[in-house]
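Structural overview
The lines below spell out each chain.
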Amino acid sequence: MPVFAYFGPAGTFTEMALDAVLANRPDAADVVKAPLASPLAVIAAVRTGEADFGCVPIESSLEGAVPATMDALVPRDGLPRVQAYAETALDIAFTIAARTPIPHDEVTTIAGYPVATAQVRHSVGEHFPNAEFVIANSNAAAAADVADGAADAAVTTGAAARLHGLIPLVDGVADSDDAVTRFLLLGKPGPPTPATGADRTGVILDLPNRPGSLVSAMNEFATRGVDLTRIESRPRGAGAPGQYRFYLDACGHIDDAAVGEALRALHRSAERVVFLGSWPIDRGVAAPPPDHRESHEWFARLLRGDD
Ligand SMILES: O=C(O)C(=O)C[C@]1(C(=O)O)C=C[C@@H](O)C=C1
């Protein structure tokens, strides 16, 4: 049975995102769901083959990129890259839950995962004036911590609160009404899912450290009319202090000629291009890239001497 790892434990938003992906698969009843402790562990399990697929959070509309996932996406130590095959966007609102219905002003510690606490800072300050956050490993781990007595209350999901027998103190907590988190379904490298006309392509770029190299890389998309939806930078890490790598998401599919041309050009100029995949966009506006097929056909005719 195929194994689908996810950032757990049970009850995380990531599990809900995975369930949404599985709902579209005919074999959904015959898969094994494996909760792992971090996005790094999920991605490592996909790389080594312990899991066939892995589901991880990638981007919060309030908090931006999920650093633990971004860093884990970089292939290391000769292991294969991972590739995204699907994304799911979920509306995010948290439950603050405790072991007993404790008065709000008596809550002094609230367990929370940093990507989550950053999304509820103001609301929690209003509801729980005497509380400070203590770090948990995920939204569901926060509920487990409270069940174990490690904090008075948790920033968690409704599902995790129920699983751990906690009582909701406040439901639907978010500093913004339209908070959305995007999740990726990752697998081993393989042929991308067919182009749908509303797709996203992701790459990680290691660029030479010289003036203009990032502008040039972005121009490979701009000059071909390809819309970029996201640019992130992360430190390159050990051995490269002060140096950054860049993550670009573009509208379009590797099979769209304009996107394919941009990727080939990047391969010629970048130190390394890691292809993260081309997959259908779940929500949001996608400006499709211009159709370059006619120019390719014209060129092929020239080579054949037909034109
Ligand atoms: O999946 C979960 O519940 C998580 O704890 C992870 C995560 C994330 O890293 O973005 C998922 C959704 C929310 O944005 C906050 C936390």
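Above this text sits the structure in question.
This text gives an overview of the structure that appears in the document. The shown structure was predicted, so the numbers you read here are calculated from the model rather than taken from an experiment. (Residues numbered from 1 in each chain as written. Predicted model: local features only at pLDDT ≥ 70, side-chain atom pairs only at ≥ 80, totals over all residues.)

Section: the overall build of the chain
- Of regular secondary structure, the chain possesses nine helices and 15 strands.
- Its C-alpha atoms put the chain at 80 × 45 × 35 Å along the principal axes.
- When each of the 307 residues of the chain is scored for burial, the buried share is 40%. (Helix = DSSP H or I, 4+ residues; strand = E, 2+ residues; numbered from the N terminus. Buried ≥ 20, exposed ≤ 12 C-beta atoms within 10 Å, placed from the backbone.)

Here we look at the site of the ligand
- Taken together, 15 residues are adjacent to the ligand, and T12, T14, P57, S138 and N139 come closest.
- Here the shell around the ligand is composed, by residue class, of eight nonpolar, seven polar and no charged.
- Residue contributions to the shell around the ligand reach at least three from each of two domains, namely domain 1 (1-91 + 179-190) and domain 2 (94-173). (Near = placed C-beta within 6 Å. Nonpolar A, V, L, I, M, F, W, Y, C, P; charged D, E, K, R; others polar. Domains from an automatic or database assignment.)

With respect to the sheet that holds strand β8 (residues 132-135)
- Spatial ordering of the open sheet is given by β8-β7-β9-β6-β10, a layout of five strands whose pairing is mixed. At either end of the open sheet lies a strand with only one pairing partner, and these are β8 and β10 (167-173). Along the sheet, successive strands turn relative to each other by an average axial angle of 25°, direction set aside.
- As defined by bridge partners, strand β7 (residues 109-112) adjoins β8 across four bridges and the pair is classed as parallel. Bridging from a neighbouring strand, G112 pairs with I135 of β8.
- The sheet strands contacting helix α5 (residues 139-147) are β6 (94-98), β7 and β9 (153-156), and the helix crosses β9 at an angle near 165°. (Pairing = 2+ DSSP bridges. Axes fitted to C-alpha atoms, helices over the stretch in contact; angles between N-to-C directions. Contact = placed C-beta atoms within 7 Å.)

Describing the sheet that holds strand β14 (residues 244-251)
- Spatially, four strands are ordered β13-β14-β12-β15 in an open sheet, and the strand pairing comes out antiparallel. Each edge of the open sheet carries a strand with a single partner, namely β13 (228-235) and β15 (272-280). Going across the sheet, the axis of each strand differs from the next one's by a mean of 15°, ignoring polarity.
- Here β13 pairs with β14 via seven bridges, running antiparallel. What sits directly across from L228, in β14, is A250.
- Of the strands in this sheet, β12 (199-206), β14 and β15 touch helix α8 (residues 257-269), which is tilted by about 5° from β12.

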